[in-house]
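Residue-level structural notes
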Amino acid sequence: MPYTKKFKEDIVIRYSNGESVRDLSLSTGVSVSTIYSWIKNSVGIVPVVGFQKTIHEQEKKINRFEKMIKIIHNAEFFKEIPLSEKLSVIDEVWEEYGINISCDALDVARGTFHNHQKRGKGKNYLHEKRKKELLPEIQKIDQEFHHIYGANKITAELKNRGFNASKNTILKIMEEEHIRSLRMDKNYHAFLNNEKKNVLNRKFDMDKPNQAWVSDVTYLQIDDKHPKCYFLCVIMDLYSRKIIAHSVGESNSKRLINLTLKKAVEVRGVHKNLVFHSDRGSNYTSKSFGDLINEYGFIQSFSKPGHRMIMQ
């Protein structure tokens, strides 16, 4: 018996709407193999059929899940769960699944959960997770740069080290952990004198060049008749005991030692973790010199309070 084109297409469409090939065969009298051949050979219909069938199957699953959720929400045990416990569960899962779906799953209004967070009763897990990741690096940078970096520079330094975070996030973490820049603190120099350590610790024997440099400033009186003094700043490599840079100035200033350090770097280059040792004079503990030391990646070391540097 010949079948019309429309009849074949109707069978294929019914199949795409979810009817099984067996049911179609029983209701139409067409053999299973024939129906399969129509589906396979249908031009322009087969791709649509597969897509429509997938949609239909997903709709059936969604409908099933919606009924399951409705059953749970209507169950007595669910109705008896305190709101505080539901909010606690949402606190734990919202970052992974999203606030909307988490609230819907536990039948809690979104506004209720947002109010719960605003009152400070909810854990901000996203922030806590970022804080756990960033805090050790923030503390490390704060120590390396002697507590003079604020949120802007710490954010930039974190980016250089592969950690992307906004300034506001960094600022919030710093405030929570009481980390602040001491750059503008009137007690900054006193802080440095207490904070700085004697890294060298009188270990003057080095096994290679550019492991440790020591520096000192002394005054020179050129003419007895004219008692004007000049100041000589020198930097010596402890390995060879050779002076690698020096500068002379009319005052024992920050500019004098900054210039001498720059000369030493021009001659020897930058060496990461090189120890730069000096006394605790105000020029060596100045912010500008500390910034220069940090820029080169050196480690600053100081003699104990009350001890002057003696170049040997």
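Refer to the structure presented above.
These notes cover the structure that comes with them. The residue count restarts for each chain, going from 1 along the sequence in the order it is written. Local features are withheld for residues below a pLDDT of 70 in this predicted model, meaning they are given only at 70 or higher, and side-chain atom pairs are given and counted only at 80 or more; totals for whole chains, interfaces and linings count all residues. For side-chain calculations, the full set of non-hydrogen atoms in the structure is used, while hydrogens and water are omitted.

Numbering of helices and strands runs from the N terminus, with a helix taken as a DSSP run of H or I at least four residues long and a strand as a DSSP run of E at least two residues long. Residue position: Lys-86 is located in helix α6 (residues 83–97). Residue burial is assigned from relative accessible area. The probe radius is 1.4 Å, only protein chains are included, and a residue is buried under 20% of its type maximum, exposed over 50%, and partly exposed in between. Just so you know, the count uses Lys and Arg for positive and Asp and Glu for negative, and it drops His and the chain ends. When a carboxyl oxygen of Asp or Glu lies within 4 Å of a side-chain nitrogen of Lys or Arg, that pair is called a salt bridge. In this structure, Lys-86 is buried with no salt-bridge partner, the nearest side chain bearing the opposite charge being Asp-107 at 5.2 Å. Any two residues having at least one pair of non-hydrogen atoms within 4.5 Å are treated as being in contact. With residues up to four places along the chain from it excluded, the contact list for Lys-86 reads Phe-78, Ile-81, Leu-106, Asp-107 and Val-108.

The next subject is the pairing of strand β2 (residues 229–237). Along any regular strand the residues' side chains alternate between the sheet's two faces. Strands pair, by our definition, only if DSSP identifies at least two bridges between them. In terms of strand pairing, strand β1 (residues 212–221) meets β2 through nine bridges, oriented antiparallel. Bridging across to β2, Gln-221 finds its partner in Cys-229. Here seven bridges tie β2 to strand β3 (residues 242–249), and the two strands are oriented antiparallel to one another. Each residue of the ladder has a partner; that of Cys-233, found in β3, is Ser-247. Hairpin connection of β2 to β3: four residues between the antiparallel strands, including Arg-241 at a positive phi of 60 degrees.

On to the environment of Val-234. Mapped onto the fold, Val-234 is located in strand β2. Sequence separation between Val-234 and Leu-261 is 27 residues; the distance between their C-alpha atoms is 8.9 Å.

Soluble globular proteins tend to pack their nonpolar side chains together in the buried interior. Think of a nonpolar core as a cluster: buried Ala, Val, Leu, Ile, Met, Phe, Trp, Tyr and Cys residues, connected wherever their side-chain atoms sit within 4.5 Å. Trp-213, Ile-235, Leu-261, Phe-276, Tyr-284, Phe-289 and Phe-298 are the most contacted members of the largest nonpolar core, which totals 20 residues. Among the elements that make up this core, the one with the highest residue count is helix α13 (residues 254–268) (five residues). The residues touching Phe-276, leaving out its near neighbours within four places in the chain, are Trp-213, Ser-215, Ile-235, Leu-261, Tyr-284, Phe-289, Ile-293, Ile-299, Gln-300 and Ser-301. Ranked by size, the runner-up nonpolar core spans 14 residues in total, among them Leu-135, Ile-138, Ile-148 and Met-174.

Our focus in this paragraph is the pattern of salt bridges. Counting across every chain of the model gives eight salt bridges. Across the pair Lys-6 and Asp-10 runs a salt bridge whose closest N-O atoms are separated by 3.2 Å. Placement of the pair is Lys-6 and Asp-10 together in helix α1 (residues 5–16), with a separation of four residues, close to one helical turn. Here Asp-237 makes a salt bridge to Arg-268, at a shortest N to O gap of 2.6 Å. Of this pair, Asp-237 sits in strand β2 while Arg-268 sits in helix α13, and the two are 31 residues apart along the sequence. By relative accessible area, Asp-237 is classed as buried at 1%. Via salt bridges that share partners, Glu-144, Glu-157 and Arg-161 belong to a single interconnected network.

What follows deals with the sheet that holds β1. Taken together, five strands build an open sheet; the order of strands is β3-β2-β1-β4-β5 and the sheet is mixed. Whereas interior strands pair on both sides, the edge strands pair on one side only; in this sheet they are β3 and β5 (299–302). Across the sheet, the axes of successive neighbouring strands diverge by a mean angle of 25 degrees, strand direction being ignored. Of the strands in this sheet, β1, β2, β3 and β4 (275–278) are in contact with α13, which crosses β3 at around 145 degrees. For helices, the fitted line uses only the C-alpha atoms of the stretch in contact; every axis is such a line through C-alpha atoms, and the angle between N-to-C directions lies from 0 to 180 degrees.

The N-to-C vectors of α13 and helix α14 (residues 287–296) enclose an angle of 15 degrees; their axes lie 10 Å apart at closest approach. Comparing the axis directions of α13 and α14 gives the class roughly parallel. Judged by the twist between their axes, the crossing of α13 over α14 is right-handed. Here Lys-254, Ile-257, Asn-258, Leu-261, Lys-262 and Val-265 of α13 come into contact with α14, specifically with Ser-288, Phe-289, Leu-292, Ile-293 and Tyr-296. Its residues assigned to classes, the contact of α13 with α14 comprises seven nonpolar, two polar and two charged. Here the angle decides the label: under 35 degrees means roughly parallel, over 145 means roughly antiparallel, 65 to 115 means roughly perpendicular, and every other value means oblique. Here a crossing is called left-handed whenever its near helix is offset anticlockwise from the far helix by less than a right angle, and right-handed whenever the offset is clockwise. Under this grouping Gly is polar, as are all residues other than the nonpolar Ala, Val, Leu, Ile, Met, Phe, Trp, Tyr, Cys and Pro and the charged Asp, Glu, Lys and Arg.

This next bit is on α14. For α14, the complete set of buried residues consists of Phe-289, Gly-290, Leu-292, Ile-293, Asn-294 and Tyr-296. Directly after α14, the chain includes Gly-297, whose backbone phi takes a positive value near 80 degrees.

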